[in-house]
Amino acid sequence: MYIFIIACALISLSILWVFAYKFVPVHFTPLMLLRKIEHRNEKKYKNKKIWIKLKNIPEEIQKIFILAEDAFFYHHCGFDFYIIIRAIDRKILNGERISGVSSISQQCARSVFLLPARSVLRKLLEAYFTILIEIIWKKERILEVYLNVIEISKGIWGLEAAAKEFFNKSAKNLTPCEAGLIAACLPVPLERNPKMPDIQTKKLADEILKRKMPDKETAKSRTKLKKLRHYIQKYN
């Protein structure tokens, strides 16, 4: 009985937590605290974060980050099952490590509510919070929070802070090339710097800028399970 009551209380609190962040800017996350602890002996380390509303970020810049991380963001329910199944397929056929399958919604849920950890429990909690934000928030809110909490470089959180730190301007004034360089840092934020990009960062930035947003027909066809094998074979 006590376990049931505790479980109900935790679920209720998590729902209230997600509901509150539907309206309140997210200025602090568990990952920020973890990084602060990890760099506690570095006197110059400081978390830099500046909130910016989605409406103040040009749509062209928004699209660059969507294309960098989750091109079908507006076409799925929080989980890109095509990417997940393709990764599993490659794992089975080629023994490849499963990575890069998290949607923007999953990354947002993980960044805002959880600490990074490789465990089944963390994955289950990530899925739980992903479902909650997809139900309670709108896609635009998910993207807004994501662009404000993502770790872009050492001590730099969110697009606005990165724009001011590396290019001395607001995110609303970024050029596509600058935005591409910032987006290219997302896979390994602690190792890359958009102001002093290495060859890999420049190459990825160029690749991101060449990508195109998918049309509705492509998205519709892609979500049909009977066609998944065709796409897997096509891209393998």
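Refer to the structure printed above.
Note that the structure is predicted; figures quoted are calculated from it, not measured.

J.: Teacher, can you tell me more about unusual backbone geometry here?
T.: Apart from glycine, the bulk of residues carry a negative phi angle, and the bulk of peptide bonds sit in the trans form. Look at Asn 168: it is not a glycine, yet its phi comes out positive at around 55 degrees. Secondary-structure assignment places Asn 168 in the loop between α8 (159–167) and α9 (176–183).

J.: I tried to follow the nonpolar core on my own but got confused; where do I start?
T.: Ranked by internal contacts, the top residues of the largest apolar core, which has 50 residues, are Phe 65, Phe 113 and Trp 137. Elements supplying a minimum of two residues to this core: α3 (59–69), α5 (104–113), α6 (120–136), α7 (139–149), α8, α9 and α10 (199–210). Once residues within four sequence positions are removed from consideration, Phe 65 is found in contact with Asp 70, Ile 104, Leu 147, Leu 159, Ala 179, Ile 182, Ala 183 and Leu 186.

J.: Honestly, the sheet that holds strand β3 (residues 156–157) in this entry has me stumped. Any pointers?
T.: Adjacent strands of a sheet pair through backbone hydrogen bonds, lying either parallel or antiparallel. On the basis of which strands lie adjacent, the open sheet formed by three strands has the order β1-β3-β2 and mixed pairing. Two strands lie at the open edges of the sheet, namely β1 (48–49) and β2 (151–153), each paired on one side alone. Bridge count for β2 against β3 is two bridges, and the pairing is antiparallel. The partner of Ser 153 across the bridge, within β3, is Ile 156.

J.: Would you mind showing me how to read the packing of aromatic side chains here?
T.: Any pair of aromatic rings gets described here by the distance separating the centres and the angle formed by the planes. Scanning the model with the defined rule gives eight aromatic pairs in all. Where Trp 17 meets Phe 113, the ring centres are 4.8 Å apart and the plane angle is 90 degrees; that geometry is what we call edge-to-face. Of the two residues, Trp 17 is situated in helix α1 (residues 2–20) and Phe 113 in helix α5; the sequence distance between them amounts to 96 residues. Looking at Trp 17, the relative accessible area reads 35%, which means it is partly exposed.

J.: Help me understand the packing of α5 against α6 in this model?
T.: A pair of packed helices is characterised by two quantities: the angle between their axes and the separation of those axes. Across the interface, α5 lies against α6 with an axial gap of 8 Å and an inter-helix angle of 110 degrees. Taken as axis vectors, α5 and α6 run roughly perpendicular relative to one another. Here α5 contributes Ser 105, Gln 106, Cys 108, Ala 109, Arg 110 and Phe 113 to the contact with α6, which in turn contributes Arg 122, Glu 126, Phe 129, Thr 130, Ile 133 and Glu 134.

J.: Where do I start with the environment of Ile 136 in this structure?
T.: Residue position: Ile 136 is located in helix α6. Assessed through its relative accessible area of 16%, Ile 136 is described here as buried. Linking Ile 136 and Phe 19, residues 117 residues apart in sequence, is a C-alpha distance of 6.5 Å. Excluding residues that lie within four positions of it along the chain, Ile 136 makes contacts with Ile 15, Val 18, Phe 19 and Lys 22.

J.: I'm lost on the side chain of Glu 151 in this one. Help?
T.: Along the chain, Glu 151 falls in strand β2. Taking the relative accessible area as the measure of exposure, Glu 151 reaches 10% and is therefore buried.

Conventions adopted
Residues numbered from 1 in each chain as written. Predicted model: local features only at pLDDT ≥ 70, side-chain atom pairs only at ≥ 80, totals over all residues. Heavy atoms only, no water. Helix = DSSP H or I, 4+ residues; strand = E, 2+ residues; numbered from the N terminus. Core = buried A, V, L, I, M, F, W, Y, C linked by side-chain atoms within 4.5 Å. Buried < 20%, exposed > 50% of the residue type's maximum accessible area, 1.4 Å probe, protein only. Contact = heavy atoms within 4.5 Å. Pairing = 2+ DSSP bridges. Phe/Tyr/Trp six-rings, centres within 6.5 Å; stacked < 30°, edge-to-face > 60°. Axes fitted to C-alpha atoms, helices over the stretch in contact; angles between N-to-C directions. Parallel < 35°, antiparallel > 145°, perpendicular 65-115°, else oblique.

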